[in-house]
Amino acid sequence: VQMPLSGQAKIRCGSETLLSTPKKASVITPSLPLHMRWQEENDQIIVRIERQALEDACSAQLGYALQKPLEYQLAMPLDTRQGLAWLQLVGFLSNSLFAKEALKNPIITTQIEQLVIASLLNNHPHNFSDAISERPRKPARRYLREAEEYLRAHCKQPITLATLANHVNISTRSLHYGFKEHFGIGPMAYLKLVRLQAIRERLLQAQAQHETLSITQLALDWGFAHLGRFSEDYRKQFGETPSQTLKQTPIA
């Protein structure tokens, strides 16, 4: 995805042609013929996503292997709601010190990668957009039980919705739909609750043993990059802050 900061570029990808400017990005499909001519001083922010990663994510959402390459609409207007959301996401990941520090944690890195892929897959038109927008099938209860067991057993590892769906052998859309119907929340929200409970148990253990513990480091270890939101989620779930759970134990 090429987003000009200044100047313009003439892009031809497959049968589409685009004059790309700071208001219109280009989304390149690697399986199609490509020709580009950049104007001088045509500085750009470029986000490169592996084709296989995108097609795997698309396949996971649909629940079947793609029989043809994923092909994107070339033009991405950056003044639309979807375009502005993409631009803000990329800007945050490019310039935020918080994001750069969070990327040192493998759990958070996986979450950010999946966020970028899902944003492009679900918010910019491609040849599988209509199929993805169709209502998913409700899965049998055994799939949800297997998914729940997997989340609890691997909760401290990097887990994506695609990984989970692949483990139980159903589409990500059906899995998400099933969790919402049965638990009232999606699989990733369920995983967050499992991780919050694990953190609480660790804090209670530290309190009982008068152990020095860093709440910040504990939250990061469990994949919570936004510490303010982590504290609020914890308080909503347990009726107290992490510091109150730890009580008089010194905080590193």
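This text follows the structure it describes.
These notes cover the structure that comes with them. Chains are numbered independently. Their residues run from 1 in the order of the written sequence. Where local features are concerned, this predicted model is filtered to residues with pLDDT of at least 70; where side-chain atom pairs are given and counted, the filter is 80 or more; whole-chain, interface and lining totals use all residues. Working from all heavy atoms in the structure, the side-chain values ignore hydrogens and water.

### Describing the pattern of salt bridges
The term salt bridge refers to a pairing of a side-chain nitrogen on Lys or Arg with a carboxyl oxygen on Asp or Glu at a separation within 4 Å. Using the criterion set out here, one finds eight salt bridges in the structure. One salt bridge in this structure joins Arg-142 and Glu-146, with 3.8 Å as the shortest N-O distance. Placement of both Arg-142 and Glu-146 in helix 6 (residues 141-153) is noted, with a separation of four residues, approximately one turn of the helix. Residue burial is assigned from relative accessible area. The probe radius is 1.4 Å, only protein chains are included, and a residue is buried under 20% of its type maximum, exposed over 50%, and partly exposed in between. With relative accessibility at 41%, the residue Arg-142 sits in the partly exposed group. Overall, the relative accessible area of 30% leaves Glu-146 in the partly exposed class. Of the charged contacts, one joins Arg-202 and Glu-211 as a salt bridge, the two residues approaching to 2.6 Å between their closest N and O atoms. Residue classification places Glu-211 among the partly exposed residues on the basis of a relative accessible area of 23%. Each helix corresponds to a stretch of at least 4 residues labelled H or I by DSSP, and each strand to a stretch of at least 2 residues labelled E; elements are numbered beginning at the N terminus.

### Quick look at the side chain of Gln-44
Within the secondary structure, Gln-44 is located in strand 6 (residues 44-46). The class of Gln-44 is buried, set by a relative accessible area of 17%. Those residues within four positions of Gln-44 in sequence are excluded, and the remaining contacts are Gln-2, Met-3, Pro-4, Leu-5, Ala-9 and Trp-38. Two residues qualify as a contact provided that any one of their heavy atoms is within 4.5 Å of a heavy atom in the partner residue.

### Some words on the packing of helix 6 against helix 7 (residues 161-168)
Axis separation between helix 6 and helix 7 bottoms out at 9 Å; the angle between their running directions is 125°. In terms of axis orientation, helix 6 runs oblique to helix 7. Note that helix 6 runs across helix 7; the crossing there is right-handed. Along its contact with helix 6, which presents Tyr-143, Glu-146, Ala-147, Tyr-150 and Leu-151, the element helix 7 presents Thr-163, Leu-164, His-167 and Val-168. Helix axes use the C-alpha atoms of the stretch in contact, all axes being lines fitted to C-alpha atoms, and the angles between their N-to-C directions lie in the range 0 to 180 degrees. Angles are sorted into four bins: roughly parallel if under 35 degrees, roughly antiparallel if over 145, roughly perpendicular if 65 to 115, and oblique for all others. Crossings are sorted by hand: turned counterclockwise from the far helix by less than a right angle, the near helix makes the crossing left-handed, and turned clockwise it makes it right-handed.

### Some thoughts on the nonpolar core
Among the buried residues, those of types Ala, Val, Leu, Ile, Met, Phe, Trp, Tyr and Cys that are joined through side-chain atoms within 4.5 Å form a nonpolar core. Leu-175, Ile-199, Leu-203 and Phe-230 are the most contacted members of the largest nonpolar core, which totals 31 residues. When contributions to this core are tallied by element, the ones reaching two or more residues are helix 6, helix 7, helix 8 (172-183), helix 9 (187-208), helix 10 (215-221) and helix 11 (227-238). Top element by residues in this core is helix 9. It accounts for eight residues. In this structure, Leu-62, Leu-78, Val-90 and Leu-120 belong to the second largest nonpolar core, which totals 24 residues.

### What to know about the packing of helix 1 (residues 51-62) against helix 4 (residues 106-123)
Across the interface, helix 1 lies against helix 4 with an axial gap of 10 Å and an inter-helix angle of 65°. The angle between helix 1 and helix 4 falls in the class roughly perpendicular. Remark: the crossing between helix 1 and helix 4 carries right-handed chirality. Here Ala-53, Leu-54, Ala-57, Cys-58 and Gln-61 of helix 1 come into contact with helix 4, specifically with Ile-117, Leu-120, Leu-121 and Asn-122.

### A look at the environment of Val-194
Along the chain, the position of Val-194 falls in helix 9. For the pair Val-194 and Glu-41, spaced 153 residues apart in sequence, the C-alpha separation works out to 50 Å. Ignoring any residue separated from it by four or fewer positions in sequence, one finds Val-194 in contact with Arg-152 and Cys-155.

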